[in-house]
Amino acid sequence: MAQRAVWLISHEPGTPLCGTVRFSRRYPTVEKRARVFNGASYVPIPEDGPFLKALLFELRLLDDDKDFVESRDSCSRINKTSIYGLLIGGEELWPVVAFLKNDIIYACVPLVEQTLSPRPPLISVSGVSQGFEFLFGIQDFLYSGQKNDSELNTKLSQLPDLLLQACPFGTLLDANLKNSLDNTNFASVTQPQKQPAWKTGTYKGKPQVSISITEKVKSMQYDKQGIADTWQVVGTVTCKCDLEGIMPNVTISLNLPTNGSPLQDILVHPCVTSLDSAILTSSSIDAMDDSAFSGPYKFPLTPPLESFNLCYYTSQVPVPPILGFYQMKEEEVQLRITINLKLHESVKNNFEFCEAHIPFYNRGPITHLEYKTSFGQLEVFREKSLLIWIIGQKFPKSMEISLSGTVTFGAKSHEKQPFDPICIGETAYLKLHFRILDYTLTGCYADQHSVQVFASGKPKISAHRKLISSDYYIWNSKAPAPVTYGSLLLLDLSFLQSPLPQLKKKQLHFKGIPIPEA
Amino acid sequence: MGPLSRDAWAQRLGAFRASPSAFMAGPEGEDLGRDLLGDLRSEKLSEQTKVSLLALSLEYPAQLWPDVSAAEVAATSLLDTLVLLPPRPSALRRPLLLAATTALAAGGALGPTSGASCRLLPLLLGLAAGSDLGRGFVPASEQRPLQATACECLRELESCKPGLLGGSLGLLRGLLGQEGPVQPLSLLLALALRNTLVLQSRVGAGLGGLLTDKVSPTGGGPWDWTLVEEGDGRLQPQAPSWPAAEEGEGERSLTAREHSPEEARELRAAVIQLLDTSYLLTPVAQAQLLWLLGWALRGLQGQPPALFKPQLVRLLGTAQLTLLHAVLALKAAFGEALFTAQDEALLLRRLTLAAQHPALPPPTHLFYLHCLLSFPENWPLGPEGEEAAPLLLGPQLCRGLLPSLLHDPMALLARLHLLCLLCAEDEEEEKGHLPSPRHYLEELLAGLRQRAALDEGPRALATVCFQASYLVTRCLAGQPTVLTPLIHGLAQLYRVRPMLASHFVDFLDQVDSELREPLKVVLRQEVVSRPGRDEALCWHLKMLAKVADGDAQSATLNFLQAAAAHCMNWDLQQGLLRVCRALLRAGVRGGLVDLLQVLARQLEDPDGRDHARLYYILLAHLAGPKLGVALGPSLAPPALASSLVAENQGFVAALMVQEAPALVRLSVGSHGVKGPLPVLKLQPEALEPIYSLELRFRVEGQLYAPLQAVHVPCLCPGRPARPLLLPLQPRCPAPARLDVHALYTTSTGLTCHAHLPPLFVNFADLFLPFPKPPEGAGLGFFEELWDSCLPEGAESCVWCPLGPQGLEGLVSHHLEPFVVVAQPPTSYYVAIHLPPNSKLLLRLEAALADGVPVALRTDDWAVLPLAGDYLRGLAAAL
């Protein structure tokens, strides 16, 4: 269970090599073991130059996508994981764990402790998950907090020293590189009793606990017969526990109001010491009923020093916060669009911002626009073929707003107008972007009573909530749209003969469809 | 050279890292390792620079110190540098320990005879134990970090030399119980324990008191290498891949030894101790611990896997990739012993959930999806090693894992695979309200094709469409309800975007004939049903070269004829010729002759005309099978990746005569005497079927007139062949050597030339009888001949030894056809005609028991020695 080498490569399209190796680290003792374990199938770790070239080719990040290349484009070369075989000097280096994120390619080669021919199944190679965790750890370190280039460079320059702590011999000791940073900075803490390896020091100061719940809501709305609209809430609970003592025991509870939507698919931070089986088993895979576990969700834990994601969850709320329809029709030279948005009455009508982005893909620049809107204002980005309808902080009293108009486009020029493989012809969407502070769709909250601390001193508790839209699409109902299997599944008119699930009842009610008596 | 400045080093390290091999080949390469070791002690360099030097040595020890002795020297020097550090906190101690460890382990120097090893190991163990090493060796503030580092170094050395710490188990366990740093000690103890268990079981020994002896193994004395030596230096997989572990199991169970109750108790206590504190480890370290302990305890008697149970719920709740992966490893190691059917179901649900959880990054989803399809089931049904949906993963569970067009290519393909597996199981039945997965699959493929058809779409969109189609054909072969729409969909895609021809060609190459043949037909129709003059002509020609065959000849030829007029440039002409070539191979003749003639005249490009003419000539002159071979793929891989070169090499192979080892053997058969000329009877024998065999003979020394070649239509091994008669026309009556060459065609159509071993024509092979004189006139005829020999000729007398059969036997065996006068058993007169016009006369009379005196005369004195040798040799030949 070790890594033979790790690389960070910046992807630079348009440059001759299309990328630069920003960081690399090899582990020769692991390499020596690889040579023995792999035997005749051993392929050595290449130098940075050849590796860069082979990886960019495999990931299709070179600019020469024009021609068919069998070793990359053949239909039988199917890759279903982020783990690749790279052809280097006639030999195939495998397994290479690699992914691209924010224009940086993260890559490493885990040790396989056996011969590579035949290839063992990935699931049986222990170094693969470690490799991923290693790369995720580096990614978190590079992108936590800031984004600009000079800060990124500073962090990259810190990496050699950090890896000397976190991964001195190729076997990862801690994926949280910030711990290693603290270790190098304050190495002189004397630690008497058992100190967790993930907690590098102790906190001194006023006890305080901060909990923030961020819910993202995504939706796919079609406004079509035979295809159900879908929406889902994804919650992240972030905590920072500033508590004295080496291992303070804390229990954090999340609560739901009586009509709240149960939390499902809960994944917890490893510092959570035990888990109620109801939490473990509540899952979106099952059809939901009223007996679903609705909290309180208790998480006993020993917190690390830094801020951490206590848990993630999903939830199926009965209605989407904003229901809309979008109709777009091609009329000779112009497009006619009609949009209706309705905020559900149960949702807090106080946005930090709310806007609808209406992109027109695979067309030329907008040359002419006529429109009428019942609310808000429209911004036009002609070159980008994009309209942004700024709705603002509040929906009007009616909770319903509309926009209609016609758009005319000029000739297409490839550089400026966006290409999209899905929005072909009249297939189109609008995307909602909004944020509501101090609100969650599920109703999930934490308060003063949510935190139990088994340590001296009563901590100050602060709790925050917010709801953000994410991937909130409303598709043109007058054209085909990409659907998921779930959309086909939910709405089947044969349900009219069967007792209605509660969820659908609410949904129909919301859409103004009369509900037959069950 | 004095110490380099900081900048000089930075520059040098930069140059090295840019390309280590180039740097080492350059002028500075040789000294780098030595300079580095020297400058570590320089007082002019900052600690920061020295750390960067050490960092380099951690990564490239093999380049800096390429052999064992250099590695030993380097490690010694690094240890010296460490000892010489002044007793104040320094950033160098840690990297120096790491560097010395790396140099020894990577350089292969670690061993009982290495002085550096014998210094490093006790030092590390002392540091790990937190002992006082004297003289302020470790400043108090560094004690804790160095203790952890020493553990890491020991763990690396143990990984490279299993058994190294077998004697320190008790000590490590004691340290873990006290105040040692939990994580490094836990991991070190787990690894050493695992290796010791494996090594001891191999030699049939138990743990003994290893887990309880708390004394340092060195005890001031030399390090104990016995366990390492027992292990034979073989590396132990710390977390073996599963199939490998299965294989190793047989070996292990043979030597597995039951531990005594005492040993088993201690072992269990140690494992529980490790597991109980495991939550203090970072998640990645916890995962390592679980892999190590899981595989260490697997199959050990008295060590119930239930020990792991208290950890499982906690682990299942997390989203950590390494932790869930480790749980899967435990599942694979223990199966039902640790996971009941309900546990298995729960684990599957957690995996399913994790494979689609929006909070996790896409690479994690994909890995979990892989884990689902390779899930180590308690009772697997399918064939081993193939991805399959576990039994408990029903359609309900999979719902959220099905693909949609909105997924990126990898997720789409991974999920599509799952969908295909569901469709394969679905067996046509419609389940309640669920939309049929098969219908969904069809829609999805249609969507993919629609994207691939986009004019400006990147190639990746087409690639994923074909990959998806390929995946579907692989998983759902033999299901016409899926394949038929797929074929038509693809044909439609070609109609819309012929520039994807390369993808189609590749796809046709990869799929089974079940799909290939019908797809070829519809694609050919797509191509030939349109006028061959649009801008996509080059793609059509490419496509047609792949799909054209003997069917629908006239449509294809019409298309080509129409296209020929538009093939203005070299590319198109070559494309056109490629189709002609494909048709030639498919055995199309009729209309193709006309087309080729037209092309040979019309094409603008001389190369194209030449090719057309060549094809025409081939078509006109070669029979079908030979043509097939001539145009078939070249046997030898072409040196250049050019189709022309490849094609040319194909011709060369097929149309030129190949030198080959002889596939035919010839032997000289029994002597026959008929007709006016001596005839050699040859018996051919073939080692492989060969055709059109031509045997060519050449007489050395022009003793005979040139020989006619002999032709054999066909020779097959095992089938008796008729003897071949080779008439000889001697120019003088002498034996000769014949050089033999064979020219033949193999069953693959190649023409081969081989040199056979020479054949020898013996003196006796030239003997011909004189015409038979009338009855009773024999003696007179002989006397006449006898007298005619002198005076030009020669006379002699030879003693011819006789075998047990006596004179009668000798004559009947060798000379029968030539006897003119016989008075058996005492007297024989023999007259032999030696072409072209010599005679040899023998009188064999008054035989004794052991021989007969032979009086001989000949009209050609040159024959005399040959005759003498011949007669003397007869007895031996009897």
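Analysis parameters
Residues numbered from 1 in each chain as written. Chains lettered and ligands numbered in written order. Predicted model: local features only at pLDDT ≥ 70, side-chain atom pairs only at ≥ 80, totals over all residues. Heavy atoms only, no water. UniProt positions renumbered as here; feature names shortened; annotations may be inferred. Helix = DSSP H or I, 4+ residues; strand = E, 2+ residues; numbered from the N terminus. Buried < 20%, exposed > 50% of the residue type's maximum accessible area, 1.4 Å probe, protein only. Contact = heavy atoms within 4.5 Å. Areas by Shrake-Rupley, 256 points an atom, 1.4 Å probe, with all protein chains shown as cover. pLDDT = per-residue confidence, 0-100. Pairing = 2+ DSSP bridges. Axes fitted to C-alpha atoms, helices over the stretch in contact; angles between N-to-C directions. Core = buried A, V, L, I, M, F, W, Y, C linked by side-chain atoms within 4.5 Å. Domains from an automatic or database assignment. Phe/Tyr/Trp six-rings, centres within 6.5 Å; stacked < 30°, edge-to-face > 60°. Buried area = accessible area lost by both parts, 1.4 Å probe. Salt bridge = Lys/Arg side-chain N within 4 Å of Asp/Glu carboxyl O. Polar contact = N/O pair within 3.5 Å; in protein donor to acceptor, adjacent residues only side chain to side chain. Nonpolar A, V, L, I, M, F, W, Y, C, P; charged D, E, K, R; others polar. Expected span 1.5 Å × (residues − 1).

In the nomenclature of an unreviewed UniProt entry, chain B corresponds to AP-5 complex subunit beta-1 from the organism Papio anubis.

As annotated in an unreviewed UniProt entry, chain A is AP-5 complex subunit mu-1 from Papio anubis. Its UniProt record, at the heading Sequence similarities (unreviewed entry), says of chain A: "Belongs to the adaptor complexes medium subunit family." UniProt's Subunit (unreviewed entry) comment on chain A is quoted here verbatim: "Probably part of the adaptor protein complex 5 (AP-5) a tetramer composed of AP5B1, AP5M1, AP5S1 and AP5Z1."

Looking only at helices and strands, chain A features 9 helices and 21 strands. Looking at chain A residue by residue over its 518 residues, the buried ones come to 55%. By sequence separation, contacts in chain A at least 24 residues apart represent 74% of the contacts at least 6 residues apart.

This part takes up the overall build of chain B. In terms of helices and strands, chain B carries 36 helices and 14 strands. Counting the 878 residues in chain B, one finds 54% classified as buried. Within the structure as shown, chain B displays about 37,100 Å² of accessible surface, and the carbon and sulfur contribution to it stands at 56%.

Here we come to the confidence of the model for chain B. All names here are of chain B. Per-residue confidence for chain B gives a mean pLDDT of 84, with 89% of residues at or over 70. Below pLDDT 50 for its whole length, residues 247–255 participates in 11 contacts with residues either more than four positions away or in separate chains. ipTM for the predicted complex: 0.91, alongside a pTM of 0.80.

Attention now goes to the pairing of strand 3 (residues 679–686) of chain B. Residue and element names in this part refer to chain B. Of the two faces of strand 3, the one lined by Leu680, Leu682, Pro684 and Ala686 is fully buried and the one lined by Val679, Lys681, Gln683 and Glu685 carries no buried residue. Here strand 2 (residues 664–668) runs beside strand 3; their pairing, made up of 5 bridges, is antiparallel. What sits directly across from Leu666, in strand 3, is Pro684. Two strands pair when backbone bridges link them, and strand 3 and strand 6 (residues 724–727) are joined in this way by 4 bridges, in the antiparallel orientation. Bridged to Leu680 within strand 6 is Leu726.

Below, the discussion takes up the sheet that holds strand 5 (residues 104–110) of chain A. Residues and elements named next belong to chain A. Taken in spatial order, the 5 strands make up an open sheet running 2-1-5-4-3, and their pairing is antiparallel. The strands lining the two open edges of the sheet, one partner per strand, are strand 2 (19–26) and strand 3 (83–88). Going across the sheet, the axis of each strand differs from the next one's by a mean of 30°, ignoring polarity. In the packing of helix 5 (residues 149–166) onto the sheet, the strands contacted are strand 1 (3–11), strand 2 and strand 5, and the crossing angle to strand 2 comes to about 15°.

Here we take up the UniProt feature "domain: AP-5 complex subunit beta-1 beta-barrel" (unreviewed entry) in chain B. As annotated by UniProt and renumbered to match this structure, "domain: AP-5 complex subunit beta-1 beta-barrel" (unreviewed entry) occupies residues 690–759 of chain B. Secondary structure across residues 690–759 of chain B divides into 0% helix and 57% strand, with the first and last C-alpha atoms of the span separated by 21 Å.

Once that is clear, we can look at the nonpolar core. If you look at the biggest cluster of nonpolar residues, it comprises 320 residues, and the most contacted ones within it are Phe51, Leu55, Leu254, Phe299 and Leu310 of chain A together with Leu441 and Leu592 of chain B. Broken down by element, the residue count for this core peaks at 12 residues, all from helix 21 (residues 409–426) of chain B. Built from parts of two domains, this core gets at least three residues from each of domain 1 (2–182) and domain 2 (208–319 + 441–474) of chain A. Among the nonpolar cores identified, the runner-up in size contains 60 residues, and Tyr744, Val819, Ile832 and Leu864 of chain B belong to it.

Moving on, we get to the side chain of Asn195 of chain B. Residues and elements named next belong to chain B. When you line up the elements, Asn195 lands in helix 11 (residues 182–202). The exposure class assigned to Asn195 is buried, which follows from its relative accessible area of 1%. In contact with Asn195, other than residues within four places in its own chain, are Glu158, Pro162, Gly163 and Gln236.

This paragraph deals with the packing of aromatic side chains. Residues and elements named next belong to chain A. Throughout the structure, instances matching the rule amount to 27 aromatic pairs over all chains. Considering the side-chain rings of Phe351 and Phe434, the 5.7 Å spacing of their centres and the 90° angle between planes classify their relative orientation as edge-to-face. Placement of the pair is Phe351 in the loop between strand 13 (334–343) and strand 14 (353–359) and Phe434 in strand 19 (residues 429–437), with a sequence separation of 83 residues. Each of the two residues, Phe351 as well as Phe434, counts as buried. Ring centres of Tyr429 and Tyr473 lie 4.8 Å apart, and the angle between their planes is 90°; on these two criteria the pair is classed as edge-to-face.

Residue and element names in this part refer to chain A. In this structure, strand 3 lies alongside strand 4 (residues 91–101), joined through 5 bridges in antiparallel fashion. Residue pairing across strands places Leu86 opposite Leu93, the latter belonging to strand 4. Taken together, strand 3 and the strand that follows it, strand 4, pair antiparallel across an intervening segment of 2 residues, in which Gly89 is found at a positive phi of about 55°. Here strand 4 pairs with strand 5 via 5 bridges, running antiparallel. Bridge pairing in strand 5 places Leu100 opposite Ile105. The turn joining strand 4 and strand 5, which pair antiparallel and follow one another in sequence, is formed by 2 residues; a positive phi near 50° is taken by Asn102.

Take the domain arrangement of chain A next. All names here are of chain A. Looking at the assigned domains, one finds that chain A contains domain 1 (2–182), domain 2 (208–319 + 441–474) and domain 3 (322–438). Of note, the centres of domain 2 and domain 3, computed from C-alpha atoms alone, are 32 Å apart. Each partner contributes to the interface: domain 2 provides 15 residues, whereas domain 3 provides 19 residues. Both sides together, the interface formed by domain 2 and domain 3 hides about 1,500 Å², and carbon and sulfur atoms give 57% of it. The salt bridge partner of Asp471 is Lys431, with a shortest N-O separation of 3.9 Å.

Here we take up the interface of chain B and chain A. With 120 residues of chain B in contact, the opposing surface of chain A contributes 107 residues. Overall, the association of chain B and chain A removes approximately 9,800 Å² of surface from exposure, summing both partners, and the carbon and sulfur fraction of that is 65%. Of all residues in chain B, Glu59, Glu456 and Arg459 of chain B bury the most surface against chain A, accounting for 6% of the area lost on that side. Linking chain B with chain A are 1 salt bridge. A salt bridge links Glu156 of chain B to Arg33 of chain A, with the shortest nitrogen-to-oxygen separation between them at 2.8 Å. Taken together, the links from chain B to chain A amount to 31 residue pairs in polar contact (both at pLDDT 80 or more). Residue contributions to the side of chain B that touches chain A peak at 9 residues, all from helix 9 (residues 140–160) of chain B. Among the residues making up the side of chain B that touches chain A, the classes are represented as 66 nonpolar, 37 polar and 17 charged.

Let us now look at the pattern of salt bridges. Residue and element names in this part refer to chain B. Taken as a whole, this structure holds 39 salt bridges over all chains when the rule is applied. Between Arg737 and Glu700 there is a salt bridge, with the nearest N and O atoms lying 3.1 Å from each other. In this pair, Arg737 is assigned in strand 7 (residues 736–746) and Glu700 in the loop between strand 4 (690–699) and strand 5 (710–715), connecting sequence segments 37 residues apart. A residue is classified by how much of its surface remains accessible, and Arg737, at 33% relative accessible area, is partly exposed. For Glu700, a relative accessible area of 28% corresponds to the partly exposed category.

Okay, helix 23 (residues 459–475) of chain B next. If you check helix 23 of chain B, its first and last C-alpha atoms are 24 Å apart, about what 17 residues at 1.5 Å a residue would give, namely 24 Å. Most of helix 23 of chain B is tucked away, with 14 of its 17 residues classed as buried.

Those places that UniProt annotates as "domain: AP-5 complex subunit beta-1 N-terminal" (unreviewed entry) correspond, in this numbering, to residues 35–104 of chain B. Within the segment residues 35–104 of chain B, helix and strand shares are 73% and 0% respectively, and the terminal C-alpha atoms sit 19 Å apart.

Right, let's get into the side chain of Gln147 of chain B. Relative to the helices and strands, Gln147 of chain B resides in helix 9. Residue classification places Gln147 of chain B among the buried residues on the basis of a relative accessible area of 8%.

A separate point is unusual backbone geometry. In this chain, Trp94 of chain A is followed by Pro95 of chain A through a cis amide linkage whose omega measures -5°. The residue Pro95 of chain A is located in strand 4 in this model. Cis geometry is found at the peptide bond from Leu790 of chain B to Pro791 of chain B, where omega equals 5°. Mapping Pro791 of chain B onto the fold places it in the loop between helix 34 (778–788) and strand 10 (794–801). Residues other than glycine seldom take positive phi values, yet Cys18 of chain A does so here, at roughly 65°. Structurally, the position occupied by Cys18 of chain A is in the loop between strand 1 and strand 2.

What follows covers the confidence of the model for chain A. All names here are of chain A. Scored by pLDDT, chain A has a mean of 87; 90% of the residues are at 70 or more. Across residues 185–190, confidence stays below pLDDT 50; counting only partners more than four residues off in sequence or on other chains, it has 4 contacts. Long-range and interchain partners of residues 491–518, a stretch whose pLDDT sits below 50, account for 33 contacts in this model, where long-range means more than four residues apart.

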